[in-house]
Amino acid sequence: MSILITGGAGYIGSHTVRYLQEAGEKVIVVDNLQSGHREAIQTDAFYPVDLRDEMGLAAVFQENEIEGVIHFAANSLVGVSMKEPYEYYHNNVYGTLCLLKAMRDHAVSHIVFSSTAATYGEPERVPILEDDKTEPTNPYGETKLAMEKMMRWFKEAYGISYTALRYFNAAGAHESGEIGEHHHPETHLIPLILQVPLGQRPHISVFGDDYPTPDHTAVRDYIHVMDLAEAHYLALKNMQKTKESHVFNLGNGSGFSVLEVIRAAREVTGHSIPAVMEERRAGDPAQLIASADKARSVLGWEPKRPDIQTILTDAWRWHSKHPRGYR
């Protein structure tokens, strides 16, 4: 029996593939390589299939004995979603509908879904709890919330158990330095910071230094990508055991400000990393921090790499070995 990972050639997907392989699981990867990298996964069980290709997806299920699905495949850039909502609904929502149909047709009854903290929108309180209101402020968050709701109805009608994992800022890399984060264009803070010691940008921009936080810069909850990978595996095992469906936040429960991350990066890289203050970006909340108490209680999950130094050290190992990523 195998575990199917959609979007398995992407950043978090590829690290989850590696985690499951190290755990002795048989893994099948589906990825259309729109933003993923074939070099990021070491498996022959790879299908370059778009989820919206219903015949191609059905063939994957027909050719393999699949016991569960971990679903990462989606477009995920907030800014692009504001300009191209059609593409985000078509890829994220319709693609997930096709996946759930294939699962229903082939009697696969467990799916772990990579959701997002963007489903909450502007938080009413910090840390955010799973039962807080969900009012996304962009099409990306709306599509992820729609996917969660779709799964709930498939559970009611067809008995397909689901677990939606809402997490914040994934960061870091596999400790080997063989795989890591490579987006184009890059929008995440840590790889942008590390482009400075790599000589790929002269400084890092800090957007806003007037927030109601201790050092007046925005605070975010960073979580190591391998801790995320473990959570997806534990969620699948929990569903196989209990048949229950859940929504979980994943995070460290504490945040790091932009300036704290920059200071830690200076220590890890030994580079001065100049920072330039810019005006706030519209819609950036002061703090986004998750409460992961439910995941700890139900899944027995505990982040093993919660400190920002470890996250940055692993990220720097990857970026310094692969300054151009997978190119």
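Throughout what follows, the structure given in this document is the object of discussion. (Residues numbered from 1 in each chain as written. Predicted model: local features only at pLDDT ≥ 70, side-chain atom pairs only at ≥ 80, totals over all residues. Heavy atoms only, no water.)

## Some thoughts on unusual backbone geometry
Logical step 1: Cis geometry marks the peptide bond from V126 to P127; its omega dihedral reads 0°.
Logical step 2: Tracing the chain through its elements places P127 in the loop between β5 (110–114) and α5 (139–158).
Logical step 3: In this structure, P185 follows H184 across a cis peptide bond, with omega equal to 0°.
Logical step 4: As for its position among the elements, P185 is in the loop between β7 (169–171) and α6 (189–194).
Logical step 5: Positive phi outside glycine occurs at I273, with the angle close to 45°.
Logical step 6: A relative accessible area of 0% means that I273 is categorised as buried. (Helix = DSSP H or I, 4+ residues; strand = E, 2+ residues; numbered from the N terminus. Buried < 20%, exposed > 50% of the residue type's maximum accessible area, 1.4 Å probe, protein only.)

## Examining empty space enclosed by the protein
Logical step 1: According to the stated counting rule, one finds two cavities of 30 Å³ or more in the structure shown.
Logical step 2: If you add up the space inside the largest cavity, you get close to 40 Å³.
Logical step 3: Lining the largest cavity, in full, are Y120, E122, P123, E124, R125, I128, D132 and K133.
Logical step 4: Within this model, the second largest cavity holds a volume of roughly 30 Å³.
Logical step 5: Around the second largest cavity sit S14, V17, R18, Q21, A40, I41, Q42 and I179, which together line it.
Logical step 6: When its residues are assigned to classes, the lining of the second largest cavity shows four nonpolar, three polar and one charged. (1 Å grid on protein atoms, 1.4 Å probe; cavity = no way out; pocket = protein on both sides within 12 Å on 5 of 7 lines; lining within 4 Å. Points joined across faces, edges and corners; volume = space filled by probe spheres on them. Nonpolar A, V, L, I, M, F, W, Y, C, P; charged D, E, K, R; others polar.)

## Describing the side chain of D215
Logical step 1: With respect to the helices and strands, the residue D215 is situated in the loop between β8 (204–207) and β9 (219–220).
Logical step 2: Although buried, D215 forms no salt bridge, and the nearest oppositely charged side chain, R263, lies 4.0 Å from it.
Logical step 3: At 2.7 Å, the side chain of D215 forms a polar contact with the side chain of T217.
Logical step 4: Among residues more than four places away in sequence, those in contact with D215 are S257, L259, E260 and R263. (Lys, Arg positive; Asp, Glu negative; His and termini not counted. Salt bridge = Lys/Arg side-chain N within 4 Å of Asp/Glu carboxyl O. Polar contact = N/O pair within 3.5 Å; in protein donor to acceptor, adjacent residues only side chain to side chain. Contact = heavy atoms within 4.5 Å.)

## Examining the packing of aromatic side chains
Logical step 1: Across all of its chains, the model carries three aromatic pairs by this definition.
Logical step 2: On the basis of an interplanar angle of 65° and a centroid distance of 5.9 Å, the ring pair of Y19 and Y233 is categorised as edge-to-face. Taken together, the residues Y19 in helix α1 (residues 11–22) and Y233 in helix α7 (residues 225–242) connect sequence positions 214 residues apart.
Logical step 3: With relative accessibility at 13%, the residue Y233 sits in the buried group.
Logical step 4: Seen in terms of ring centroids, W318 and Y326 are 4.9 Å apart; in terms of plane orientation they differ by 45°. Their pairing is tilted. With respect to class, W318 is no different from Y326; both count as buried.
Logical step 5: A cation over a ring is seen here: R104 above Y158, with NZ or CZ 5.2 Å from the ring centre.
Logical step 6: Geometry around F248 places K294 over its ring, the cationic atom sitting 5.1 Å from the centre. (Phe/Tyr/Trp six-rings, centres within 6.5 Å; stacked < 30°, edge-to-face > 60°. Lys NZ or Arg CZ within 6 Å of the ring centre and 35° of its normal.)

## Quick word on the sheet that holds strand β12 (residues 256–257)
Logical step 1: If you walk across this open sheet you meet the three strands as β12-β9-β14, and the pairing is mixed. Every other strand in the sheet has two partners, leaving β12 and β14 (287–288) as the edge strands with one partner each.
Logical step 2: With two bridges joining them, β9 and β12 adopt antiparallel strand pairing. Considered in β12, the bridge of R220 is made with F256. (Pairing = 2+ DSSP bridges.)

## Some details on the side chain of H37
Logical step 1: Within the secondary structure, H37 is located in the loop between β2 (27–30) and β3 (46–47).
Logical step 2: The residues touching H37, leaving out its near neighbours within four places in the chain, are A9, H182 and Y326.

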